[in-house]
Amino acid sequence: MNESAFIEALRLLPTHPAARGLADDCAVLDLGSETLILTHDMLVEGTHYLPEADMADVAWKLVATNLSDLAAKGAEPVGVLIGHMLGRDDERFVTGLAKVLAHYEVPLLGGDTVAGKGTRTHGLTAIGRATCTPVPARDGAQPGDTLWLVGEVGAAMLGFETLRDGTGADQAAYSRPHARVKEGQALAPLAHAMMDVSDGLLLDAFRMAEASEVTLAIDGAQVPVAAPERRLECLTWGDDYALLAALPQGTEPPCQATRIGTVEPRGFAPLFLDREPVLNAAGLGYSH
Ligand SMILES: Nc1ncnc2c1ncn2[C@@H]1O[C@H](COP(=O)(O)OP(=O)(O)O)[C@@H](O)[C@H]1O
Ligand SMILES: Cc1ncc(C[n+]2csc(CCOP(=O)(O)OP(=O)(O)O)c2C)c(N)n1
Ligand SMILES: [Mg+2]
């Protein structure tokens, strides 16, 4: 089974409304006076980070990638729980963890530690509090909206290549990505839909279009990319942790963001890239 088949199978199980049909970045749990935002993402050696990676970077990335999902819902981080598999350079992991938690001012709430023989795997549950309701979902984009991107895409790809091949590019976007927590909070009350871009802009935009039952039309030349001569790779490689938001027509984003397209009534294709229809998700981004 691949990732999407497994998640499809999970969607057939009875789920709580907070799970949002297992089709959003986070669970959104309304407790009456507060709304909790919950997410869990994992990193696996060899899949998400190179076997020789600095474990301080791995700790940073584990926290930042999860906080990025909270950011996409405009949540304020409340705390994290960490699933840790012991291995090489655990001290470096703790050093990086201290740094990233201090950077985002988010406390460690707990977790679990195990020894194991297989490939090293790290899990993190991030808990946040909604800063506005309704909490933006992937499925709210409406025809007439404009499409905005916070951040650029492709820098993580270049950073990965530096670490793998020594190309000399900056590696920070790959090793220590930035969760756009403040921008997410600023956009959430205005956005009809919002999600974080972890698997490649085109794949994540395709998912927003499918969830919202609209067509997204992206102007590739408008998208800020780290390597313009490799634009399509930048649009599809992933690991960028930008935010993608659909804002009502005429609404200016209250933070730095780039207008990259429009939301149209659902046509025969979920996505148009430079006026070319994109009919299925194959090749649009990263999937397990
Ligand atoms: N093993 C799992 N158990 C329960 N829910 C899952 C599992 N894997 C993925 N999901 C859910 O499927 C949806 C899509 O997951 P994913 O593509 O990983 O989202 P994201 O890119 O925001 O991390 C989310 O709602 C997530 O909570
Ligand atoms: C060593 C290594 N090889 C390849 C990649 C490329 N890569 C792996 S996972 C991924 C996308 C994000 O990971 P995922 O587990 O899908 O996160 P989620 O969408 O659930 O947040 C990318 C671009 C990488 N980051 N590191
Ligand atoms: Mg995930």
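Owing to the predicted nature of the structure, the values given are computational and were not obtained by experimental measurement.

Calculation rules
- Throughout, a residue's number is its position along its own chain's written sequence, starting from 1.
- Working convention: letters from A go to chains and numbers from 1 go to ligands, in the order in which they are written.
- Totals for whole chains, interfaces and linings use all residues, but because this is a predicted model, local features are given only for residues with pLDDT of at least 70 and pairs of side-chain atoms are given and counted only at 80 or more.
- Excluding hydrogens and water, the side-chain values take into account all heavy atoms of the structure.
- Only rings of Phe, Tyr and Trp enter the pairing, Trp through its six-membered ring, and a pair is recorded when the two centres are within 6.5 Å. The plane angle decides the type: under 30 degrees is stacked, over 60 is edge-to-face, the rest tilted.
- Burial here depends on accessible area, computed with a 1.4 Å probe over protein chains only, as a share of the maximum for the residue type. Under 20% is buried, over 50% is exposed, and the range in between is partly exposed.
- Both a distance and an angle decide whether a charge sits over a ring: NZ of Lys or CZ of Arg must be within 6 Å of the ring centre and within 35 degrees of the ring normal.
- Note on definitions: the grid is 1 Å and covers protein atoms alone; a cavity is a set of points where a 1.4 Å probe fits but cannot get out; a pocket is an open set with protein on both sides within 12 Å along at least five of seven lines; lining residues have an atom within 4 Å of a point.
- Grid points are joined across faces, edges and corners, and a volume is the space filled by probe spheres set on the points.
- Note on conventions: DSSP H or I runs of at least 4 residues are helices, E runs of at least 2 residues are strands, and numbering of each starts at the N terminus.
- Just so you know the grouping, Ala, Val, Leu, Ile, Met, Phe, Trp, Tyr, Cys and Pro go in nonpolar, Asp, Glu, Lys and Arg go in charged, and all remaining residues, Gly too, go in polar.
- Per the annotation, domain bounds derive from an automatic or database assignment of domains.
- Distances are taken per atom, and a residue is near a molecule or strand as soon as one of its heavy atoms is within 4 Å of it.
- In the analysis that follows, any N or O atom pair within 3.5 Å is treated as a polar contact, provided that within protein one partner can donate a hydrogen and the other can accept it, and provided that, for residues neighboring in sequence, both atoms belong to side chains.
- Each accessible area value is a Shrake-Rupley result obtained with a 1.4 Å probe; residue values ignore everything except the protein chains displayed when judging cover.
- For a cavity or pocket, the test is whether more than half of a molecule's atoms lie within 2 Å of its grid points; if they do, the molecule sits there.
- We treat two strands as partners when DSSP finds at least two bridges between them.
- Only the contacting stretch of a helix is used when fitting its axis, a line to C-alpha atoms as for every element, and angles between N-to-C directions run 0 to 180 degrees.
- Here, residues are in contact when the closest pair of their heavy atoms is within 4.5 Å.
- UniProt positions are given in the numbering used here, feature names are shortened, and annotations may be inferred rather than shown by experiment.
- The length a helix should cover is 1.5 Å for every residue beyond the first.
- The directions from the helix axis to the C-beta atoms form the arc being described.

In this section: the packing of aromatic side chains. Tallying each qualifying case throughout the model produces four aromatic pairs. When the ring of Phe-268 is compared with that of Phe-272, the centres are 5.7 Å apart and the planes differ by 85 degrees; the resulting orientation is edge-to-face. Using a relative accessible area of 60% as the deciding quantity, one classes Phe-268 as exposed. Three or more aromatic residues link up through ring pairs in this structure, and these residues are Phe-160, Tyr-174 and Trp-237. One residue, Lys-61, lies across the ring of Tyr-174, its end atom 3.8 Å from the ring centre.

Taken as a whole, the largest pocket encloses approximately 1500 Å³ of empty space. Lining the largest pocket are 50 residues, and of these Glu-3, Ile-7, Asp-41, Asp-199 and His-288 sit closest to its centre. Secondary structure elements with two or more residues in the lining of the largest pocket: helix H1 (3–11), strand E2 (35–44), helix H2 (55–72) and helix H7 (201–212). Looking at the lining of the largest pocket residue by residue, the class counts come to 24 nonpolar, 14 polar and 12 charged. Here the second largest pocket defines a volume of roughly 230 Å³. Around the second largest pocket sit Glu-76, Pro-77, His-103, Tyr-104, Glu-105, His-178, Ala-179, Val-181, Lys-182, Glu-183 and Gln-185, which together line it. When residues of the lining of the second largest pocket are traced back to their parent elements, those giving at least two are strand E3 (76–85), helix H3 (90–104) and helix H6 (181–187). With four residues, H6 is the largest single contributor of residues to the lining of the second largest pocket. When grouped by side-chain class, the residues that make up the lining of the second largest pocket number four nonpolar, three polar and four charged. Looking at which domains feed residues into the lining of the second largest pocket, each of domain 1 (3–129) and domain 2 (146–278) gives three or more.

Looking now at the site of ligand 1. Around ligand 1 lies a shell formed by Glu-3, Phe-6, Ile-7, Leu-10, Leu-22, Ala-23, Asp-24, Asp-25, Asp-41, Asp-69, Arg-138 and Ser-198. Interatomic distance of 3.0 Å between a backbone N/O atom of Asp-24 and an oxygen atom of ligand 1. If ligand 1 stood free it would expose 560 Å²; the protein chains cover 65% of that surface. The cavity where ligand 1 resides is the largest pocket.

Overall, mixed pairing links the five strands, which are arranged E1-E2-E5-E3-E4 in an open sheet. The sheet is open, and its two edges are formed by strand E1 (27–30) and strand E4 (108–114), each paired on a single side. Within the sheet, the average angular offset between the axes of one strand and its neighbour, ignoring direction, is 15 degrees. Contacting E3, E4 and strand E5 (121–129), H3 crosses the sheet at an angle of about 175 degrees to E3.

Here we take up the UniProt feature "binding site: Mg(2+) 3" (unreviewed entry) in the chain. The positions that UniProt labels "binding site: Mg(2+) 3" (unreviewed entry) are, in the present scheme, Asp-25, Asp-69 and Asp-196. Spanning 172 residues, the annotated positions come together in the fold, the maximum distance between their C-alpha atoms being 7.4 Å. As for the annotated residues, the ones lining the largest pocket are Asp-25, Asp-69 and Asp-196. Considering the arrangement of structural elements, one finds Asp-25 in the loop between H1 and E1. Once residues lying within four places of it in the same chain are set aside, the contact partners of Asp-25 are Thr-39, Asp-69, Ala-72, Lys-73, Arg-138, Met-194, Met-195 and Asp-196. Along the chain, the position of Asp-196 falls in strand E7 (residues 193–197). Once you skip the residues sitting within four places of it in the chain, Asp-196 turns out to touch Asp-25, Thr-65, Ser-68, Asp-69, Ala-72, Asp-204, Tyr-241, Ala-242 and Leu-243.

The next subject is H3. Taking 1.5 Å as the rise per residue, H3 with 15 residues should run 21 Å; its terminal C-alpha atoms sit 21 Å apart, in good agreement. Buried within H3 we find Asp-90, Phe-93, Gly-96, Leu-97, Val-100, Leu-101 and Tyr-104. Viewed end-on, H3 has its buried residues packed into an arc of 130 degrees, placing them on one side of the element. Exposed and oriented more than 90 degrees from the buried face of H3 are Glu-91, Val-94, Lys-99 and Ala-102. Of the surrounding secondary structure, the elements contacted by the buried residues of H3 are H2, E3, E4, E5 and H6. Of the residues trailing H3, Glu-105 is marked for its positive phi of about 50 degrees.

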